[in-house]
Amino acid sequence: LSQDINPPDAPVILSPGGSGDTIQISDEEFEISGTASSDAVGVIVNGYRLQKYVPGKKWSYIADSKLGNVRMGENIYEIVAIDRAGNTSDTSKIMIVWKAEPLVQIEDGIRDESEYIEPGSLRVIAPTKNGSTFITSDSEVLIEGETSADTHSLSINGFTLTLYEPGKETWNYIAKEDFGNYKDGTNRFTVVARNKDGKILDVVKYLIEKR
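Bear in mind the structure is a predicted one, so any value in this text is a computation, not a measurement.

### Remarks on the side chain of Asn-75
Here Asn-75 lies in strand 7 (residues 73-82). For Asn-75, the side chain forms a polar contact with the main-chain oxygen of Arg-71, separated by 2.7 Å. Look past the residues within four positions of Asn-75 in its chain and what remains in contact with it is Val-70, Ile-94, Met-95, Ile-96 and Trp-98.

### Things to note about the pattern of salt bridges
It is possible for side chains bearing opposite charge to pair when their charged atoms get close. Here the structure, examined in full by the defined rule, presents six salt bridges. One salt bridge in this structure joins Lys-176 and Glu-140, with 3.6 Å as the shortest N-O distance. On the criterion of sequence distance, the pair formed by Lys-176 in strand 14 (residues 170-176) and Glu-140 in strand 11 (residues 140-146) is long-range, its members being 36 residues apart. Measuring nitrogen to oxygen at the nearest pair gives 3.8 Å for the salt bridge that ties Asp-197 to Lys-196. The exposed category is assigned to Asp-197, whose relative accessible area is 56%. Overall, the relative accessible area of 66% leaves Lys-196 in the exposed class. Ionic contacts of the salt-bridge type, sharing partners, join the residues Glu-177, Asp-184 and Lys-210 into one network.

About the thresholds
Per chain, the residues get numbers from 1 upward, laid out in the order the sequence is written. Under the rules for a predicted model, residues below a pLDDT of 70 receive no local features and side-chain atom pairs below 80 are neither given nor counted, while totals for whole chains, interfaces and linings still include all residues. The side-chain figures draw on all heavy atoms in the structure; neither hydrogens nor water molecules are used. Helix and strand definitions follow DSSP, with helices as H or I runs of at least four residues and strands as E runs of at least two, each counted in order from the N terminus. We define a polar contact as two N or O atoms separated by no more than 3.5 Å, with the added condition that, inside protein, one atom must be a possible hydrogen donor and the other a possible acceptor, whereas residues neighbouring each other in sequence contribute only through side-chain atom pairs. Here a residue-residue contact requires only that any non-hydrogen atoms of the pair lie within 4.5 Å. A pairing counts as a salt bridge when a side-chain nitrogen of Lys or Arg comes within 4 Å of a carboxyl oxygen of Asp or Glu. Type-normalised accessible area, obtained with a 1.4 Å probe on protein chains alone, sets the label of each residue: buried when under 20%, exposed when over 50%, and partly exposed for intermediate values.

Right under this line is the structure:
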């Protein structure tokens, strides 16, 4: 009987940020994904029940301006889990601030360093150094780098790194298929370092070729 009246745990949001986070994104399409407790048979995002959710597996939800489920500015996504008895969990939320224009526009191989406050201060150091394409068949890659002590925030492809601490001179980012930020073929990562005033310190591009 207790199983019929006890609701499942609230879903856990893993990407593009965690539960309660506010994330700024420039892409017109992005994925929100996470996990749900073992007793959940369904996941509902803003009133829409995910059709492809498999109990015990990660859930994912595609937000796309063309579908009308993301618009300019602030977008709040409320996610709940439901069990076989129809009980719903507490709500997990994430706010996505969508800006149609990319945070930084930069052509491959070209950097107008006159626009940046500290050109050359931002670097990728692993799995290869920036400037060289990393070729791999792995489904997950840890990208590591260095930056200026003046850095207040770091973003990659419009995603602000929530675990980066202002002033820290090292950073890392996980590119993973399950996170929706990594796929077969060419993966381009634009890394942007900003100071406390929001001004760009430096920008680098990094390529991973997954085969």
